[in-house]
Structures are given as C-alpha cells and as structure tokens.
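A closer look at the structure
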Amino acid sequence: MNTGTGKVIQERRRLLGLSQPALATAIGVSSRQITRYESEEQSPTLPVAIRLADALRISLAELDGIVDNRVDLAGRWWAAWQKAAKHGDEVEVAEVTIRHEGDHLLLDTAETAVAEDDPAPGVRGEMRVWDGDAITGWVRGMDVAFPVGTIYYSLHPQGAHAVGSWTTKSGPDGVVRGWSTLAREKSDAEKLLLEMLRGDGIVESWPGTRSD
C-alpha cells in the first residue's frame, strides 16, 4: 500500500462514525492493528485490505490513496456547434447519446431525435477523455462539405458540460473551424455556445438554429 493509506483509513472511519474497535470487529483484526494501519506502522495484507475497503465503502484504489477523478459521461446530451467560418453566425443543435467505456466515448445521434425525424444533421464520433479534464477525437456531422473533423473539448471538473472547437478540411490545402459545446440540457449548450460566439465578436444575441 502507498503512503497515505493510513490517513484514508482514519478519515473514512471517522466519516462513517466508526470507532477503531468497531472497524476492527468488522474486518476481524484487533483494535491495536487498526492503530498500526492508521499510523502506517504496518500495511494491511491484501485479504485484510479487501475487507477494509468493503467496510469503509471504498475501492482498493481509493484505499491505496489513488483518487479516481473520472466522471460518468454516459447518457443523453445536447451538442451545439458553430458552422464553418463562412457561416460563422449559423449554428446547429442536436440531441446526442454518449456511451462511456473507460477513457473512451462513443457519440451518436440520440434515438429520440432519429425517431422524431429531427431536421438537424446526424452526429457521431469517437473520443477519449484525458486526465478527467479534456476530450479529444473525431466527429462526423458538424460540416456538410467535409463531414469528418477533429474535436477538442475542455471538460468541466464535475462533467456538467464541455466547451471547445472542431476543425475540418477546407479545399485541397486549407482548414476551417468552429466552436462547439456539450451539455446535459439544450439551453445550457446554447448558452455556452453563445458566450463563445460573443467572445469572438460574432454575435450579440442567440442566432437562429435548425433545431426546434
């Protein structure tokens, strides 16, 4: 176990309102042994660590002092994006579904949007989450002429939303880009995109979209 395990045990035990004797009884060791663990005089063996993690309601990684900063991004989202530079004041908004597996995300047009024959273009992509604060990958459906582009999002610490941009090919030698946002609520996606467009001096108020 890493240095810091003792502090984790002590803090979790106190948070759960457990005395050292109570925790000792729960995992089948002496109270003195709990004191040794918390002072880091001794590290628990793997079988004891498993019982400790269970009693403290945390994972073995958390018991070892490893904090998992990943958030669950699976579910329904709203994607909003600025169209290519020549249509800088035009935007699209579409409901999408994200499947989250480890550090990988699969994005696709939401089934509800397909069922309702939403006029917004279909969107799909494959992305990766980096250190819980950035998302990169490819996305299809944010530009008509060159439908496949790269994407970069800065992810909110609690995974509430993401803001960034897409880039794709323009002609034989050029590229075009636009702002893009992801949020759980349509209004939030629109608001975040509007703030980015205002920052660029493109619009003063929310432009029309192709979504309802």
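Computed from a predicted structure; not experimentally measured.

**Side note on the pattern of salt bridges**
- Evaluation of the coordinates by the stated rule reveals five salt bridges.
- Across the pair E41 and R32 runs a salt bridge whose closest N-O atoms are separated by 3.4 Å.
- We classify E41 as exposed; its relative accessible area is 52%.
- Its relative accessible area of 43% is what places R32 among the partly exposed residues.

**Re the packing of aromatic side chains**
- Summed over all chains, the structure comprises zero aromatic pairs.
- Sitting over the ring of W130, R128 keeps its end group 4.0 Å from the ring centre.
- Its guanidinium or amino end placed over the ring of W179, R177 lies 4.4 Å from that ring's centre, counting from NZ or CZ.

**Some thoughts on the sheet that holds strand β6 (residues 148–155)**
- If you walk around this closed barrel you meet the eight strands as β1-β2-β3-β4-β5-β6-β7-β8, and the pairing is antiparallel. Going across the sheet, the axis of each strand differs from the next one's by a mean of 30°, ignoring polarity.
- Contacting β1 (75–82), β2 (91–101), β7 (161–170) and β8 (174–183), helix α7 (residues 186–199) runs over the sheet at an angle of about 140° to β8.

**Some details on helix α3 (residues 31–38)**
- For α3, every residue scored as buried is listed here: Q33, I34, Y37 and E38. Mapping the buried residues of α3 onto a view down its axis gives an arc of 135°, with all of them on the same face.
- Lining the buried residues of α3 we find α1 (5–15), α2 (20–27) and α4 (46–56).
- Directly after α3, the chain includes E40, whose backbone phi takes a positive value near 60°.

**Points about a nonpolar patch on the surface**
- On the surface, L46, I50 and L60 cluster together into a nonpolar patch covering about 270 Å² of accessible area.
- Take L46: it is sitting in helix α4.
- Here L46 falls in the exposed class, since its relative accessible area comes to 55%.

**So, the confidence of the model for the protein chain**
- Of the residues in the protein chain, 81% reach a pLDDT of 70 or more, and the chain-wide mean stands at 83.
- By mean pLDDT, the top-scoring element of the protein chain is α2 (96), and the lowest-scoring one is helix α6 (residues 111–115) (55).

Conventions used here
Residues numbered from 1 in each chain as written. Predicted model: local features only at pLDDT ≥ 70, side-chain atom pairs only at ≥ 80, totals over all residues. Heavy atoms only, no water. Salt bridge = Lys/Arg side-chain N within 4 Å of Asp/Glu carboxyl O. Buried < 20%, exposed > 50% of the residue type's maximum accessible area, 1.4 Å probe, protein only. Phe/Tyr/Trp six-rings, centres within 6.5 Å; stacked < 30°, edge-to-face > 60°. Lys NZ or Arg CZ within 6 Å of the ring centre and 35° of its normal. Pairing = 2+ DSSP bridges. Helix = DSSP H or I, 4+ residues; strand = E, 2+ residues; numbered from the N terminus. Axes fitted to C-alpha atoms, helices over the stretch in contact; angles between N-to-C directions. Contact = heavy atoms within 4.5 Å. Arc of directions from axis to C-beta. Patch = residues over 30% accessible without salt bridge, like charges linked within 9 Å, V, L, I, M, F, W, Y side chains within 5 Å. Areas by Shrake-Rupley, 256 points an atom, 1.4 Å probe, with all protein chains shown as cover. pLDDT = per-residue confidence, 0-100.

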